[in-house]
Amino acid sequence: DSGVTQTPKHLITATGQRVTLRCSPRSGDLSVYWYQQSLDQGLQFLIQYYNGEERAKGNILERFSAQQFPDLHSELNLSSLELGDSALYFCASSVNLNTEAFFGQGTRLTVV
Amino acid sequence: QKEVEQDPGPLSVPEGAIVSLNCTYSNSAFQYFMWYRQYSRKGPELLMYTYSSGNKEDGRFTAQVDKSSKYISLFIRDSQPSDSATYLCAMSTYDKIIFGKGTRLHILP
């Protein structure tokens, strides 16, 4: 158990809908990262937060947004969902910026 | 040139063999070097991390970093079928973590 908690584990929703994925980082970790992994693909970096502030953006679509709250948990919001958004979404956390990161078990999103 | 290059495999080796997994990189600013293991559809698990050149050993795993050649390796001794997974290298600077695409490893019983 990495100490990073992601909910829900599975999500099935229809095209055009909006969903929210939640991540609780390890105790004491200030940095949170979000990644997308499609079937048999590598990890695609979406966005990073550090102590409540956005620090880096990767290939995140405009339909997607995220935030980190004062208690350091983070949420990833996905809207106007398309079939191609079906993927595993991982959250990771680290103590400082870009040191060793620990991953949660992911949320498997299926858009039908 | 990609910042991090990793052979996707698959790499198949017999049980008990020594496995060598490698990544090359182009950005000399990388400071932290990490190896992750990912089982199918599971979250990547941190195996090793280091920030200096040389070797770091943990049980059957040895991570090696050669900053002059921009080359990192992960060695697995006495490989087991349970080691069959995808192995990802990762490297970081102050403002980003970059992952390799991963090497699929199969340990044959």
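The structure we're discussing is the one just above.
*Asks:* I tried to follow the nonpolar core on my own but got confused; where do I start?
*Replies:* Taken as a class, soluble globular proteins show a tendency for nonpolar side chains to be buried jointly. Grouped together as the largest cluster of nonpolar side chains are 23 residues, with contacts concentrated most on Trp35, Ile72, Leu74, Tyr87 and Met91 of chain B. Grouped together as the second largest cluster of nonpolar side chains are 20 residues, Trp34, Leu76, Leu81 and Val111 of chain A included.

*Asks:* Help me out: how do you make sense of the packing of aromatic side chains in this one?
*Replies:* Given two aromatic rings, their pairing is described by the distance between the two centres and the angle made by the two planes. Counted according to the given criterion, the structure contains eleven aromatic pairs over all chains. Note on Phe90 of chain A and Phe103 of chain A: the rings are 6.3 Å apart at their centroids and 80° apart in plane angle, and the pair reads as edge-to-face. Of this pair, Phe90 of chain A sits in strand 9 (residues 87-94) while Phe103 of chain A is found in strand 10 (residues 102-103), placing the two residues 13 residues apart along the sequence. Its relative accessible area of 2% is what places Phe103 of chain A among the buried residues. Where Phe103 of chain A meets Phe99 of chain B, the ring centres are 5.7 Å apart and the plane angle is 80°; that geometry is what we call edge-to-face. Remark: Phe99 of chain B occurs in strand 10 (residues 96-99) and Phe103 of chain A occurs in strand 10; the pair is interchain, linking two chains. Per residue, the accessibility class of Phe103 of chain A equals that of Phe99 of chain B, and both read buried. Counting every residue linked through ring pairs, the aromatic cluster contains Tyr35, Phe45, Phe90 and Phe103 of chain A together with Tyr36 and Phe99 of chain B. When the ring centre of Phe102 of chain A is taken as origin, the NZ or CZ atom of Arg26 of chain A, which lies over that ring, is 3.8 Å away.

*Asks:* Got a minute to help me understand the interface of chain B and chain A in this structure?
*Replies:* Reports often express the size of an interface as the amount of accessible area lost when the parts come together. Residue-level contacts link 19 residues of chain B with 22 residues of chain A. Buried area between chain B and chain A, summed over both chains or domains, comes out near 1700 Å², and the portion from carbon and sulfur atoms is 55%. In terms of surface lost to chain A, no three residues of chain B exceed Arg41, Tyr94 and Ile97 of chain B, which account for 35% of the buried area on that side. Seen at the junction of chain B and chain A, the total is zero salt bridges. If you look at where chain B meets chain A, you find three residue pairs in polar contact (both at pLDDT 80 or more). The set of elements that each furnish at least two residues to the side of chain B that touches chain A consists of strand 4 (32-38), strand 5 (45-50), strand 9 (85-93) and strand 10 of chain B. Ranked by the residues each element gives to the side of chain B that touches chain A, the list is headed by strand 4 of chain B, at four residues. Residue classes in the side of chain B that touches chain A are distributed as ten nonpolar, four polar and five charged.

*Asks:* Help me understand the pattern of salt bridges in this model?
*Replies:* It is possible for side chains bearing opposite charge to pair when their charged atoms get close. All names here are of chain B. Using the criterion set out here, one finds seven salt bridges over all chains in the structure. The residue Lys96 makes a salt bridge to Glu3 at a minimum N-O spacing of 3.1 Å. Taken together, the residues Lys96 in strand 10 and Glu3 in the segment before strand 1 (4-6) connect sequence positions 93 residues apart. Residue class for Lys96 comes out partly exposed when judged on its relative accessible area of 28%. Taking relative accessible area as the criterion, Glu3 reaches 26% and is therefore assigned partly exposed. Across the pair Arg60 and Asp83 runs a salt bridge whose closest N-O atoms are separated by 2.9 Å.

*Asks:* Help me understand the side chain of Gln68 of chain A, please; the structure alone is not making it clear to me.
*Replies:* All names here are of chain A. Considering the arrangement of structural elements, one finds Gln68 in strand 7 (residues 64-68). Within the local environment of Gln68, its side chain forms a polar contact with the backbone oxygen of Leu30, the two atoms lying 3.3 Å apart. Among the polar contacts made by the side chain of Gln68, one reaches the main-chain amide nitrogen of Gly52 at a distance of 2.7 Å.

*Asks:* It is not clear to me how the layout of surface pockets should be interpreted in this structure. Could you clarify?
*Replies:* The gaps of empty space that remain are located by a probe, the size of a water molecule, rolled over the atoms. Empty space within the largest pocket amounts to approximately 520 Å³. In terms of lining residues, the largest pocket is bounded by 21 residues, among which Gln37, Asp40 and Gln41 of chain A together with Thr86 and Arg104 of chain B are the most central. In this structure, the second largest pocket spans a volume of roughly 410 Å³. As for the second largest pocket, its lining consists of 22 residues, of which Leu43 and Gln44 of chain A together with Ile98, Phe99 and Lys101 of chain B are closest to the centre. Mapped by element, the contributors of at least two residues to the lining of the second largest pocket are strand 4 (31-37) and strand 5 (44-50) of chain A together with strand 1 and strand 10 of chain B. Among the elements that take part in the lining of the second largest pocket, strand 10 of chain B stands out by supplying four residues, more than any other.

Rules used in this analysis
Residues numbered from 1 in each chain as written. Chains lettered and ligands numbered in written order. Predicted model: local features only at pLDDT ≥ 70, side-chain atom pairs only at ≥ 80, totals over all residues. Heavy atoms only, no water. Core = buried A, V, L, I, M, F, W, Y, C linked by side-chain atoms within 4.5 Å. Buried < 20%, exposed > 50% of the residue type's maximum accessible area, 1.4 Å probe, protein only. Phe/Tyr/Trp six-rings, centres within 6.5 Å; stacked < 30°, edge-to-face > 60°. Helix = DSSP H or I, 4+ residues; strand = E, 2+ residues; numbered from the N terminus. Lys NZ or Arg CZ within 6 Å of the ring centre and 35° of its normal. Contact = heavy atoms within 4.5 Å. Buried area = accessible area lost by both parts, 1.4 Å probe. Salt bridge = Lys/Arg side-chain N within 4 Å of Asp/Glu carboxyl O. Polar contact = N/O pair within 3.5 Å; in protein donor to acceptor, adjacent residues only side chain to side chain. Nonpolar A, V, L, I, M, F, W, Y, C, P; charged D, E, K, R; others polar. 1 Å grid on protein atoms, 1.4 Å probe; cavity = no way out; pocket = protein on both sides within 12 Å on 5 of 7 lines; lining within 4 Å. Points joined across faces, edges and corners; volume = space filled by probe spheres on them.

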